[in-house]
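# Working through the structure, step by step
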Amino acid sequence: MQKKKVIILVGLGVILGGLIIFACTHKYQDSHLRIEGVRVKLEENSLVVEDCDYKNVAYCEKKVKLEDEEQTLAFEYLKFKENGYPAAIKASINGKEFYYADGLNIETRGTMDLRVFYNFYVMDNKYIMFTITEGSGEHATTLYAIDKTGKIILEEKEIDEDNMLIDDYSQNYVSYDKNTVKVHASRITNGTNYNGESICNAKPKTVVEAYYIYTYKDGKFNKKQGEVITAKEYIEDNNITCNA
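A quick note: this is a predicted structure, and the numbers were derived from the prediction, not measured.

Each value, and the rule that gives it
- Residues numbered from 1 in each chain as written.
- Predicted model: local features only at pLDDT ≥ 70, side-chain atom pairs only at ≥ 80, totals over all residues.
- Heavy atoms only, no water.
- Helix = DSSP H or I, 4+ residues; strand = E, 2+ residues; numbered from the N terminus.
- Buried < 20%, exposed > 50% of the residue type's maximum accessible area, 1.4 Å probe, protein only.
- Areas by Shrake-Rupley, 256 points an atom, 1.4 Å probe, with all protein chains shown as cover.
- Pairing = 2+ DSSP bridges.
- Polar contact = N/O pair within 3.5 Å; in protein donor to acceptor, adjacent residues only side chain to side chain.
- Contact = heavy atoms within 4.5 Å.
- Disulfide = S-S within 2.5 Å.
- Core = buried A, V, L, I, M, F, W, Y, C linked by side-chain atoms within 4.5 Å.

### A word on the overall build of the protein chain
The secondary structure content of the protein chain amounts to four helices and 21 strands. Burial status across the protein chain gives 48% buried among its 244 residues. A total accessible area of about 12,600 Å² is found for the protein chain, and carbon and sulfur atoms account for 44% of it.

Written out as structure tokens, the structure is:
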């Protein structure tokens, strides 16, 4: 079957702007950097943050202006184990934590335990929009909005009921335009599965993908469903052959 979805799935690692391809093609190596008294064993670019100022392989800072003042976002690996790999990752703004993940096993799980911080955008001069992708599996992305104190204003992974999740294997799955955010979401997995079965078994009018528009107004985000893609349309668009 010739399908755009399958082509995208084959390109694991190229997805998400190629930000995690290094982990698919390089072995993690020793460095001379020591953190917490441990010699760090990470490949360069193991910390994946869009347009970040890297101080070393385990720490970077990103400057963002909110309310006409410069804010400092910091991303860092923590809790280094004796083998040189971190067990945790933290993100903060002006020293105030807004994201923390523990129990990492990058040495054995590779890209599946990386975190990708991407799609940054300043909304209404008040909030920082971005996505965090947890690992290289599909539908692993959450949309966030935070203020300068680190307060989470918006946190959305399941965009709609019945596992309508951000389609992070598609191109431009999040886009911005002034005070709006457009998100591409999908209930499809592995390119052809819906609810654990072939999409061919779904009713033709079943909505399997959709675009959602978040509009910021009067201090809050309002979400509405936009264009939808039915099972019939998805099958036709992706040239999927179903048995009669």
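Next comes the rest of the account.
### Side note on the sheet that holds strand S10 (residues 127-134)
Read across the sheet, five strands follow the order S3-S9-S10-S11-S12 without closing on themselves; strand pairing throughout is mixed. Every other strand in the sheet has two partners, leaving strand S3 (48-49) and strand S12 (152-156) as the edge strands with one partner each. Where strand S11 (residues 141-146) and S12 come together, four bridges link them in antiparallel fashion. Its bridge partner lying in S12, Tyr144 is registered against Glu155.

### As for the side chain of Ser46
Looking at the element boundaries, Ser46 is found in the loop between strand S2 (38-39) and S3. There is a polar contact of 2.6 Å between the side chain of Ser46 and the backbone oxygen of Glu43.

### Observations concerning the environment of Lys62
By the element assignment, Lys62 lies in strand S5 (residues 59-66). The spacing of Lys62 and Leu73 is 11 residues in sequence and 5.0 Å in space, taken between C-alpha atoms. Non-local contacts of Lys62, meaning those with residues more than four positions away in its chain, are made with Glu50, Asp51, Cys52, Gln71, Thr72, Leu73, Phe75 and Phe120. A distance of 3.0 Å separates a polar atom in the side chain of Lys62 from the backbone oxygen of Glu50.

### A few points about the state of the cysteines
In the structure shown here, the tally under the stated rule is two disulfides. In this model Cys52 forms its disulfide with Cys60; the gap between the sulfur atoms is 2.2 Å. Around the S-S axis, the bridge from Cys52 to Cys60 shows a dihedral of about 95° and counts as right-handed. You'll find Cys52 and Cys60 in the same group, each marked buried. Paired by a disulfide, Cys200 and Cys242 hold their sulfur atoms 1.9 Å apart. One disulfide, between Cys200 and Cys242, carries an S-S torsion of -75° and so falls in the left-handed class. Residue Cys200 is found in the loop between strand S19 (197-198) and strand S20 (207-217), and its partner Cys242 is found in the segment after helix H4 (231-237); the two are separated by 42 residues along the sequence. Exposure remark for Cys200: the relative accessible area of 27% places this residue in the partly exposed category. Taken in N- to C-terminal order, the disulfide-linked cysteines of the protein chain are connected 1-2, 3-4.

### So, the nonpolar core
Judged by nonpolar contacts, the single largest core of 33 residues is most densely connected at Leu73, Phe75, Tyr77, Phe98, Tyr99, Phe117 and Ile128. Secondary structure elements with two or more residues in this core: S5, strand S6 (69-80), strand S7 (86-93), strand S8 (96-102), strand S9 (115-123), S10 and S11. The element best represented in this core is S6, accounting for four residues. Apart from the residues within four sequence positions on either side, Phe117 is in contact with Val48, Val49, Glu50, Phe75, Ile89, Ala91, Tyr99, Thr131 and Ile132.

### Quick look at the pairing of S9
When S3 meets S9, the two strands line up parallel, connected through two bridges. If you follow Val48 over to S9, its bridge partner there is Val116. In this structure, S9 lies alongside S10, joined through seven bridges in antiparallel fashion. Following the sheet pairing, Met123 is matched in S10 by Tyr127. The turn linking S9 back onto S10 is made up of three residues, and Asp124 within it adopts a positive phi angle of 55°.

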